[in-house]
Amino acid sequence: EPEVTQTPSHQVTQMGQEVILRCVPISNHLYFYWYRQILGQKVEFLVSFYNNEISEKSEIFDDQFSVERPDGSNFTLKIRSTKLEDSAMYFCASNSGEYNEQFFGPGTRLTVL
Amino acid sequence: QKEVEQNSGPLSVPEGAIASLNCTYSDRGSQSFFWYRQYSGKSPELIMSIYSNGDKEDGRFTAQLNKASQYVSLLIRDSQPSDSATYLCAVANNAGNMLTFGGGTRLMVKP
């Protein structure tokens, strides 16, 4: 069964450094998302992406964040200058567009020191 | 601010019993509702979606939706220890391009 994949599974970085989290959505899906989950807290929406454009973003998704679909398979989340409070699990999700069902990848655990 | 509320639990049920999980939401215009299962340290796994009032059954799972009461529920019949997890209720916005999650209910099924 097709699934969303994410790399790396765990990323450790120093405060102020840039990180890029990578995702490969399910191959025939058209809509892509990033969510995050701080330890012990709710899953929070960051951004949705369709047709090479951001279609929705939350207040969390400020100028430090950006997304890109650099080729036909990858979808990336960049954090330009990481803060301690960016430490969280980051989940990528994708949706075929037929329904609103979003399928999540395994996540990247980001630790900012 | 759109809210999705769930009792955090834990909800403890014996093996073989029915587990009943509940969720309320604030956005009356919401049209799409989802239940995800999340094991500790893992990602949310979609188990049910529901879009219209009433019941929707899939195997041991039944989702129930009451838009007038802004209420969604999930029933798990014949609960198994492997069902022990946190169950997340998620509601899509009108455009269907973002999900708002509840805090989850932790279910414990005791052998």
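A short tour of the structure in this document, coming up. (Residues numbered from 1 in each chain as written. Chains lettered and ligands numbered in written order. Predicted model: local features only at pLDDT ≥ 70, side-chain atom pairs only at ≥ 80, totals over all residues. Heavy atoms only, no water.)

### Quick look at the overall build of chain B
Threshold: Secondary structure follows DSSP: runs of H or I at least 4 residues long count as helices, runs of E at least 2 residues long count as strands, and numbering of each begins at the N terminus. Atoms counted for the radius of gyration: C-alpha only. Globule rule: 2.2 Å times residue count to the power 0.38. Using a 1.4 Å probe on the protein chains alone, a residue whose accessible area is under 20% of its type maximum counts as buried, one over 50% counts as exposed, and one in between counts as partly exposed. By definition in these notes, contact holds between two residues if any of their heavy atoms fall within 4.5 Å. Methods summary: accessible areas were calculated by the Shrake-Rupley approach with a probe of 1.4 Å, and residue burial reflects only the protein chains presented. Think of it this way: Lys and Arg go in the positive column, Asp and Glu in the negative one, and His and the chain ends go nowhere. Every charge is mapped to an atom, namely NZ of Lys, CZ of Arg, CG of Asp or CD of Glu.
Of regular secondary structure, chain B possesses 0 helices and 11 strands. What you see in chain B, going N to C, is helices and strands ordered as β-β-β-β-β-β-β-β-β-β-β. Scaling as 2.2 N^0.38, a compact globule of 111 residues should have a C-alpha radius of gyration of about 13 Å, and chain B matches this with 13 Å. Counting across all 111 residues of chain B, residues that qualify as buried make up 47%. In chain B, the proportion of contacts linking residues at least 24 apart, taken out of those at least 6 apart, comes to 54%. Accessible area of chain B: about 5,100 Å², with a carbon and sulfur share of 47%. Treating the 10 positive side-chain charges of chain B as one cloud and the 10 negative ones as another, the clouds have centres 3 Å apart.

### Structural notes on the sheet that holds strand E8 (residues 75-79) of chain A
All names here are of chain A. For clarity, the threshold we go by: Any two strands are treated as partners once DSSP identifies two or more bridges connecting them. Here, axes are lines fitted to C-alpha atoms. For helices the fit covers the stretch in contact, and angles between N-to-C directions go from 0 to 180 degrees.
In spatial order, the strands read E1-E3-E8-E7; together these 4 strands make up an open sheet with antiparallel pairing. Here the strands that pair on one side only, and so sit at the sheet edges, are strand E1 (5-7) and strand E7 (65-68). Sheet twist, expressed as the mean angle between neighbouring strand axes with direction ignored, is 20°. Strand direction decides the pairing type here: strand E3 (residues 19-24) and E8, joined by 5 bridges, are antiparallel.

### Focus on the pattern of salt bridges
Cut-off, in case you're wondering: Whenever a carboxyl oxygen of Asp or Glu lies within 4 Å of a side-chain nitrogen of Lys or Arg, that contact is scored as a salt bridge.
The tally for this structure, following the rule as stated, stands at 5 salt bridges over all chains. The salt bridge involving Glu44(A) is made with Arg36(A); its shortest N-O contact spans 3.1 Å. By relative accessible area, Arg36(A) is classed as buried at 10%. Here Arg37(B) ties to Glu45(B) by a salt bridge, and the two come within 3.0 Å at their closest N and O atoms. Here Glu45(B) falls in the partly exposed class, since its relative accessible area comes to 35%.

### Re the sheet that holds strand E6 (residues 54-58) of chain B
Residue and element names in this part refer to chain B. Reading across the sheet, the 5 strands line up as E1-E3-E8-E7-E6 and stay open at both edges, with antiparallel pairing between neighbours. Here the strands that pair on one side only, and so sit at the sheet edges, are strand E1 (4-5) and E6. In this sheet, strand E8 (residues 71-76) lies alongside strand E7 (residues 61-66) in antiparallel orientation, the contact comprising 6 bridges. Bridged to Asn66 within E8 is Tyr71.

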